[in-house]
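Chains, contacts and geometry: an overview
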Amino acid sequence: MELTLVSDELGTFTVPLEGPGRDIPYELPGGAVVSIVLTFRLGTDTDGLIFETIRVGEGEQPVTRRSALGSFRTGGPYEIRLPPERLPLGRAHCGTYDVTARMSDAAGTEHARVEHRFTLVRRLLPGRAVRGDPHRIGRL
């Protein structure tokens, strides 16, 4: 499974789910609008596939987002782009968030679970973009 963040203003970033960059939080600017693109394969025919994210920031209540993906036949790869979401904006929301993403079916069987972290940073003024760090995404 691959999880990619896509934004008209920030570009495209594949979230490292394995390997050396997996434990390093990547940075996103507050208020950015991002879509999640999922790429996955299935080992069996699956009815009622659901993608769910649970985002937890320090001192904040968990935010859960569920998306019904539909039914799929064995195989793939399948690629699904979820509707865009605006990230929280403002200094009070800056900080590191833990995200649990999981795919399950209508029967409640979990097919995949991944955990990752991102840091929400204050948006910089245009022209002060930070470049060269792969964990800083479109910091404007």
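Residues numbered from 1 in each chain as written. Predicted model: local features only at pLDDT ≥ 70, side-chain atom pairs only at ≥ 80, totals over all residues. Heavy atoms only, no water.

Concerning unusual backbone geometry
This is how the line gets drawn: Secondary structure is summarised from DSSP: a helix means a run of H or I of at least four residues, a strand means a run of E of at least two, and numbering begins at the N terminus for each.
Note the cis peptide between Gly 76 and Pro 77, where omega equals 10 degrees. One can find Pro 77 in strand β7 (residues 75-81).

Structural notes on the pattern of salt bridges
Selection criterion: Whenever Lys or Arg places a side-chain nitrogen within 4 Å of a carboxyl oxygen from Asp or Glu, that contact is recorded as a salt bridge. Residue burial is assigned from relative accessible area. The probe radius is 1.4 Å, only protein chains are included, and a residue is buried under 20% of its type maximum, exposed over 50%, and partly exposed in between.
Under the definition given, this model contains 7 salt bridges. Across the salt bridge formed by Glu 85 and Arg 65, the nearest N and O atoms sit 2.9 Å from each other. With a gap of 20 residues between them, Glu 85 in strand β8 (residues 85-86) and Arg 65 in strand β6 (residues 63-72) connect regions that are remote in the sequence. The class of Arg 65 is partly exposed, set by a relative accessible area of 21%. Of the charged contacts in the structure, one is a salt bridge between Arg 117 and Asp 98, with a shortest N-O distance of 2.8 Å. With Arg 117 in strand β10 (residues 110-121) and Asp 98 in strand β9 (residues 95-104), this pair connects stretches of sequence that are 19 residues apart. By relative accessible area, which is 35% here, Arg 117 ends up partly exposed. Overall, Asp 98 belongs to the partly exposed group, its relative accessible area being 40%.

Some words on the sheet that holds β10
Filter applied, for reference: Think of it this way: DSSP has to see at least two bridges between two strands before they count as a pair. All axes are obtained by fitting lines to C-alpha atoms, using only the stretch in contact for helices, and the reported angles, taken between N-to-C directions, cover 0 to 180 degrees.
Taken together, the 5 strands give an open sheet; going across it, the order is β3-β10-β9-β5-β6, and neighbouring strands pair in mixed fashion. Of all strands in the sheet, those bounded by a partner on one side alone are β3 (26-29) and β6. If you compare each strand with its neighbour and ignore which way they point, the axes differ by 30 degrees on average. Bridge analysis of strand β5 (residues 46-57) against β9 gives 8 bridges, and the strand direction is antiparallel. Across the sheet, Ile 50 pairs through a bridge with Ser 104, a residue of β9.

Observations regarding the side chain of Ser 67
What counts here: Whether two residues are in contact is decided by their heavy atoms, any of which lying within 4.5 Å being enough.
In this structure, Ser 67 sits in strand β6. You can call Ser 67 buried: its relative accessible area is 11%. For Ser 67, the contacting residues outside a window of four places in its chain are Leu 49, Ile 50, Phe 51 and Leu 82.

As for the packing of aromatic side chains
Let me state the cut-off plainly: Two aromatic rings from Phe, Tyr or Trp, using only the six-membered ring of Trp, form a pair when their centres are within 6.5 Å; if the ring planes differ by under 30 degrees the pair is stacked, by over 60 it is edge-to-face, and anything between is tilted.
Counted according to the given criterion, the structure contains 6 aromatic pairs. Ring centres of Phe 40 and Tyr 78 lie 5.7 Å apart, and the angle between their planes is 35 degrees; this geometry places the pair in the tilted category. Of this pair, Phe 40 sits in strand β4 (residues 33-42) while Tyr 78 sits in strand β7, and the two are 38 residues apart along the sequence. Given the relative accessible area of 22%, Tyr 78 is considered partly exposed.

Looking at the environment of Arg 113
Worth spelling out the cut-off: Any pair of nitrogen or oxygen atoms within 3.5 Å is treated as a polar contact; in protein, a donor-acceptor pairing is required on top of that, and neighbouring residues in sequence qualify only through side-chain atoms on both sides.
Looking at the element boundaries, Arg 113 is found in strand β10. Classification of Arg 113 by relative accessible area gives partly exposed; the value is 45%. Sequence separation of Arg 113 and Phe 51 is 62 residues, and the distance between their C-alpha atoms is 9.8 Å. Those residues within four positions of Arg 113 in sequence are excluded, and the remaining contacts are Thr 100, Ala 101 and Arg 102. Within the structure, Arg 113 has its side chain in polar contact with the side chain of Glu 110 (distance 3.0 Å).

Everything listed here is a matter of coordinates, which is why it stays silent on function.
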